Amino acid sequence: MYEPQDVVDLVVVGAGPAGMAAAVTALDGGLRVVLVDAGSAPGGQFWRHPPDHPREALPTEDLHHDLRTYRALRAALAAHERTGRLTLLLDHPVWTTARAADGFTVHAVDRSRPPEERAVVLRAPVLLVATGAYDRQLPFPGWDLPGVLTAGGLQSLLKGGGVVAGRRVVLGGTGPFLLPVAAALAARGAEVVAVCEAAAPSAWLRHPAPLLRNPAKWAEAAGYAGTLARHRIPVRTRTGIVGAEGEERVAVVRTAALDADGAPLPGTERRIEADTVGVGWGFVPQLDLLLPLGCDLADAGDGTMAAAVDAGQRTTVPGLYAAGEACGVGGAALALSEGRVAAVSVLTDVSAPGRPGLRALAAERRAVARHRSFAHALARAHPVPRNWPAWLTDDTTVCRCEEVTAGAVRAARADGSASDHRQVKQLTRAGMGWCQGRMCGPAVHCLVAARAEPYTPAERLIATPITLGALADSAHPSTGDTPSEPT
Amino acid sequence: MDIVVIGAGIVGAACAFHAASAGLGVTVLDRGPVGAGTTSRGEGNILLSDKEPGPELELARLSRDLWDEAGEELGPGKVEFENKGGLVAASTPEGLAALHAFAARQAAAGIQTERVDRLDAFEPHIAPGLPGGVHYPQDAQVQPVLAASGLLRAAVRRGARVRTGEALAAVTGTDGRVTGVRTADGAVLAADAVVNAAGTWGGEVGRRLGAPVAILPRRGFVLVTEPLPPMIRHKVYSADYVAHVASSDEGLETSCVVEGTRAGTILIGASRERVGFDTTMNPAVVALLAAQACRLFPFLRDVHLIRAYRGFRPYCPDHLPVVGPDPRVPGVLHACGHEGAGIGLAPGTGALITAQLLGRPWRGADPAAHTGLLPDRFLTTGGVPK
């Protein structure tokens with residue numbers, strides 16, 4: 001078993017904006033840190049980059065936002081790596097974490113030399129989880145055709161490899177994230193035929209204050225609006241993608257005007273020729289590592305549950321901190337601030353010598369509050385519409401891995417036996433396949449649960465697939481005290 | 001006669017199924033959905049191969065026949081009932097000798113056993129060089145939650161009712177006999193008898209009914225791989241534990257069960273830990289299970305683990321289920337403590353409970369033949385568990 005460091009003060013899981021900011025603040029404060037990430041470069045989804053070598057060959061700078069901060073964080077990380085106080089483990093997805101007598105163990109898979117896989121165990125007196133979020137997906141007839149992607153997937157293809165997924169693209173869903181994706185696709189030569197926004201344009205007017213307090217967001221939005229106008233990309237509000245058709249791949253996208261609850265209005269359906277569909281319904285906090293550790297969750301206000309943290313980003317488990325989208329989706333600026341606040345809490349709680357001044361901390365906490373209120377306003381303006389299941393037919397696949405239809409899920413509910421997505425999984429296999437319900441979980445939840453309840457993902461003890469061989473090689477002879485039996 | 005069955009897991013469902021079939025008025029009470037406890041956390045084993053001759057094996061034999069009947073009624077496809085057979089593989093010549101001796105005793109108790117010299121004739125992908133094993137054609141598999149909800153639906157068709165709620169206490173008459181169950185929301189369900197089928201929580205439910213039984217949780221992890229084309233045909237496990245049984249009274253140490261499912265995934269289970277209701281992950285145990293599985297089937301080394309789950313088996317101090325009337329509170333019957341064998345033993349338990357309620361044999365279950373499982377075995381004078 002490989003254990004890269006004898007002594008480390010803090011393990012940070014996730015090298016996106018929150019994890020990078022947290023690691024740098026903790027290192028600046030004098031801690032020894034391991035920063036571990038599944039990706040091959042730091043940055044997470046927001047600053048997703050191609051692997052280091054071909055970076056020059058694939059200019060992606062114009063697709064990014066606030067690269068100055070990214071470069072500063074990378075430079076700081078590199079400096080700390082040189083002093084030996086930072087160990088940066090890339091291509092190391094973490095498959096589980098566990099509590100230990102002296103803190104936590106973090107169990108990763110070293111995939112830096114494929115196809116080889118090696119189990120790596122990190123000991124963490126203090127653990128900071130900054131694992132981000134993933135696309136919230138809602139099924140519609142035809143969403144399992146090749147050519148249908150998530151908005152986040154389209155964006156990461158662009159940022160991570162300069163890949164433009166299609167020539168004629170229709171985007172749909174809700175939320176401002178659709179705009180940078182449309183702008184980036186257009187900038188790389190794709191024809192974005194339409195952006196279908198489910199929310200009404202007036203939604204923001206009901207809660208304008210948080211927007212007014214965040215002028216940077218205005219500027220960002222104006223930039224995207226300009227790009228969209230330049231490429232003549234129409235944004236259709238109160239419109240949804242209600243179907244996709246095609247043989248080998250998407251050929252036609254069906255859109256419709258939506259009523260206030262998201263049900264398609266009869267007679268408004270349009271057929272648009274397109275080879276690619278990108279859909280984004282916001283994001284779901286990635287809690288796979290946090291749930292088994294037993295930390296409490298809180299309603300994030302956008303239909304999801306997120307890690308419950310105090311003003312210092314402490315979870316309810318002593319020694320466990322969380323920052324970024326795992327604490328509620330709110331964007332990169334919020335994640336950066338939360339990462340710094342979390343690291344300051346770690347420094348305080350372990351009585352590290354180098355702590356930033358109180359004034360800086362207060363400013364950072366104000367930034368968290370401001371961004372958080374903006375995120376809440378965003379969630380209110382761009383909810384998942386209540387009646388989205390009206391798009392589904394009984395034969396629409398809901399769980400793609402196990403090919404479970406909406407009809408089967410509804411039958412499990414009507415039976416009276418299934419009242420949540422875990423029970424539906426047992427009865428229908430929805431959520432039992434490769435993605436373990438990461439794709440269909442929120443949708444199945446909407447189909448069976450009481451509407452007001454936010455989505456709590458199923459507990460996943462295995463956060464990323466790992467070969468049994470790598471696991472077997474990590475088996476410790478001293479655990480022979482835990483025999484197993486057939487039943 | 002009206003009865004309340006506490007617990008809508010596989011055992012409660014089977015009790016409801018048989019009692020309703022016998023014409024009793026049945027209400028099933030559970031605080032959560034069907035099969036949400038230990039029922040959903042196992043592998044769906046219906047095993048004879050792992051049981052020593054004795055009271056548990058007798059119940060398992062009865063139960064095995066009743067599973068065939070229940071499978072017919074519920075639809076074998078609907079509950080993923082598979083008559084796949086078990087294969088126990090020895091890893092050493094000494095282990096094989098011990099396994100053969102064990103199997104001979106099981107055969108004398110009426111179990112079908114078949115010596116296997118060439119394991120690869122049964123399992124083409126098994127590790128080469130293993131000396132042999134024993135095939136148990138009666139071992140089978142069912143999807144436990146589908147089976148529990150199927151049995152419960154069949155019980156409802158026969159007039160049973162299912163109610164969500166938590167049992168708080170037994171209501172008793174002046175003669176001390178049960179007259180009903182009080183629930184947490186204040187309601188009283190009238191009943192002539194109450195069946196404690198609360199599985200791992202049977203100890204707590206027994207306390208609330210005034211009839212405590214010593215049932216403790218034993219944690220187990222089960223691993224699930226990515227879906228594959230069919231690679232493993234039987235329930236396969238190593239015979240090491242038989243050698244351990246032969247050599248010592250304590251160390252019931254064995255290797256995992258490895259089997260394919262109809263969905264293509266491979267299940268690897270299950271560990272045993274006495275850690276109370278601690279739900280936390282134990283990566284070392286998961287790694288150990290993986291290592292054991294890879295030793296039996298080397299191809300698994302390159303196969304991905306995509307899921308693991310854990311549950312808590314209900315076990316009694318003597319590792320036998322407790323099935324039957326509790327002498328301390330007339331009208332209370334226990335049907336719990338099945339440890340890791342609850343799925344396999346459920347129909348037999350349901351039939352036996354029904355026979356005890358009727359006071360006569362029911363579906364092959366004769367109360368006089370299963371006295372080794374009665375709760376009295378824990379009771380000293382005064383009715384306090386040992």
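Describing the overall build of chain B
At step 1: A count of helical and extended segments in chain B gives 9 helices and 19 strands.
At step 2: For 386 residues, the compact-globule estimate of 2.2 N^0.38 gives 21 Å, and chain B sits close to it at 21 Å.
At step 3: Viewed in the frame of its principal axes, chain B has a C-alpha envelope of about 70 × 40 × 40 Å.
At step 4: Burial statistics for chain B: of 386 residues in total, 60% are counted as buried.
At step 5: Considering only intrachain contacts with a sequence separation of at least 6, the fraction spanning at least 24 residues in chain B is 74%.
At step 6: Carbon and sulfur atoms make up 52% of the accessible area of chain B, which totals about 13,800 Å².
At step 7: Looking at charge distribution, chain B has the averaged site of its 36 positive side-chain charges lying 5 Å from that of its 39 negative ones.

Here's the deal with the sheet that holds strand E10 (residues 178-183) of chain B
All names here are of chain B.
At step 1: The antiparallel open sheet is built from 3 strands, whose spatial order is E9-E10-E11. Unpaired on one side and paired on the other, strand E9 (167-172) and strand E11 (188-190) mark the two borders of the sheet. Neighbour-to-neighbour, the strand axes of the sheet open up by a mean angle of 25 degrees, direction not taken into account.
At step 2: Summarising the sheet, E10 and E11 pair through 3 bridges and their orientation is antiparallel. When the bridges of E11 are listed, Gly 180 appears paired with Ala 190.

With respect to the interface of chain A and chain B
At step 1: Across the contact, 43 residues belong to chain A and 61 residues belong to chain B.
At step 2: Around 4,300 Å² of area is buried between chain A and chain B when both sides are counted, 59% of it from carbon and sulfur atoms.
At step 3: Across the contact surface, chain A and chain B share 2 salt bridges.
At step 4: Between Glu 459 of chain A and Arg 310 of chain B there is a salt bridge, with its nearest N and O atoms 2.7 Å apart.
At step 5: Our enumeration of links across chain A and chain B arrives at 7 residue pairs in polar contact (both at pLDDT 80 or more).
At step 6: Of all the secondary-structure elements, those providing two or more residues to the side of chain A that touches chain B are strand E4 (94-100), helix H10 (421-428), strand E23 (466-467) and helix H12 (468-473) of chain A.
At step 7: Here the residues of the side of chain A that touches chain B are counted per class, giving 16 nonpolar, 17 polar and 10 charged.
At step 8: Inspection of the sheet shows E23 of chain A paired to strand E17 (residues 304-315) of chain B by 2 bridges, in the antiparallel sense. Within E17 of chain B, the position partnered with Ile 466 of chain A by the bridge is Leu 305 of chain B.

Observations concerning the domain arrangement of chain B
All names here are of chain B.
At step 1: For chain B, the assigned domains read domain 1 (2-75 + 144-215 + 318-378) and domain 2 (86-137 + 216-315).
At step 2: Placing the centre of domain 1 and that of domain 2 at their C-alpha centroids yields a distance of 28 Å.
At step 3: Summed over both sides, the interface of domain 1 with domain 2 buries roughly 2,300 Å², with 59% coming from carbon and sulfur.
At step 4: For the interface between domain 1 and domain 2, the tally reads 2 salt bridges.

Quick notes on the pattern of salt bridges
At step 1: Under the criterion given, the structure shown has 37 salt bridges over all chains.
At step 2: Here Arg 301 of chain B makes a salt bridge to Asp 473 of chain A, at a shortest N to O gap of 2.8 Å. In this pair, Arg 301 of chain B is assigned in the loop between helix H8 (283-296) and E17 and Asp 473 of chain A in helix H12, connecting two distinct chains.
At step 3: Taking the shortest distance from any N to any O, the salt bridge between Arg 118 of chain B and Asp 120 of chain B comes out at 2.7 Å.
At step 4: For Arg 118 of chain B, a relative accessible area of 55% puts it in the exposed group.

Here's the deal with the packing of helix H2 (residues 55-74) of chain B against helix H5 (residues 144-157) of chain B
Packed helices, taken two at a time, are described by the angle their axes make and the gap between the axes.
All names here are of chain B.
At step 1: It is the contact of H2 with H5, at a shortest axis distance of 10 Å, that shows an interaxial angle of 75 degrees. The pairing of H2 with H5 is recorded here as roughly perpendicular in orientation. Only Ala 147, Gly 150, Leu 151, Ala 154 and Arg 157 of H5 make contact with H2, whose side of the interface consists of Trp 67, Ala 70, Glu 73 and Leu 74.

Quick notes on unusual backbone geometry
At step 1: The omega angle of the peptide bond from Pro 114 of chain A to Pro 115 of chain A is 5 degrees, so this bond is cis rather than trans.
At step 2: Note that Pro 115 of chain A resides in the loop between strand E5 (103-110) and strand E6 (118-124).
At step 3: One non-glycine residue, Gln 313 of chain A, adopts positive backbone phi at about 65 degrees.
At step 4: Notably, His 319 of chain B is not glycine yet its phi reads approximately 60 degrees, a positive angle.
At step 5: Tracing the chain through its elements places His 319 of chain B in the loop between E17 and strand E18 (322-325).
At step 6: What makes His 319 of chain B partly exposed here is its relative accessible area of 32%.

Topic: helix H3 (residues 151-161) of chain A
All names here are of chain A.
At step 1: Counting buried residues in H3 gives 9 out of 11 residues, a clear majority hidden from the surface.
At step 2: Considered for burial, the residues of H3 that qualify are Ala 151, Gly 152, Gly 153, Leu 154, Gln 155, Ser 156, Leu 158, Lys 159 and Gly 160.
At step 3: Buried residues in H3 make contact with strand E8 (133-135), strand E9 (148-150), strand E10 (168-173), helix H4 (178-187) and strand E16 (276-280).
At step 4: Immediately downstream of H3, the backbone of Gly 162 shows phi near 65 degrees, a positive value.

What about the pairing of strand E7 (residues 126-129) of chain A?
Residues and elements named next belong to chain A.
At step 1: Side-chain alternation along E7 places Val 126 and Leu 128 on one buried face and Leu 127 and Val 129 on a second face that is also buried.
At step 2: Note that strand E1 (residues 10-13) and E7 share 4 bridges and pair parallel. Bridge assignment links Val 12 to a residue of E7, and that residue is Leu 128.
At step 3: Pairing geometry for E7 and strand E20 (residues 320-322), over 3 bridges, is parallel.

Observations regarding the pairing of strand E3 (residues 86-89) of chain A
Residues and elements named next belong to chain A.
At step 1: The alternating pattern of E3 places Leu 86 and Leu 88 on one face and Thr 87 and Leu 89 on the opposite face, and all of these are buried.
At step 2: Relative to E3, strand E2 (residues 33-36) is paired through 4 bridges, and the arrangement is parallel. Paired with Val 36 across the bridge in E3 is Leu 89.

What counts and how
- Residues numbered from 1 in each chain as written.
- Chains lettered and ligands numbered in written order.
- Predicted model: local features only at pLDDT ≥ 70, side-chain atom pairs only at ≥ 80, totals over all residues.
- Heavy atoms only, no water.
- Helix = DSSP H or I, 4+ residues; strand = E, 2+ residues; numbered from the N terminus.
- Rg over C-alpha atoms; globule rule 2.2 N^0.38 Å.
- Buried < 20%, exposed > 50% of the residue type's maximum accessible area, 1.4 Å probe, protein only.
- Contact = heavy atoms within 4.5 Å.
- Areas by Shrake-Rupley, 256 points an atom, 1.4 Å probe, with all protein chains shown as cover.
- Lys, Arg positive; Asp, Glu negative; His and termini not counted.
- Charge placed at Lys NZ, Arg CZ, Asp CG, Glu CD.
- Pairing = 2+ DSSP bridges.
- Axes fitted to C-alpha atoms, helices over the stretch in contact; angles between N-to-C directions.
- Buried area = accessible area lost by both parts, 1.4 Å probe.
- Salt bridge = Lys/Arg side-chain N within 4 Å of Asp/Glu carboxyl O.
- Polar contact = N/O pair within 3.5 Å; in protein donor to acceptor, adjacent residues only side chain to side chain.
- Nonpolar A, V, L, I, M, F, W, Y, C, P; charged D, E, K, R; others polar.
- Domains from an automatic or database assignment.
- Parallel < 35°, antiparallel > 145°, perpendicular 65-115°, else oblique.

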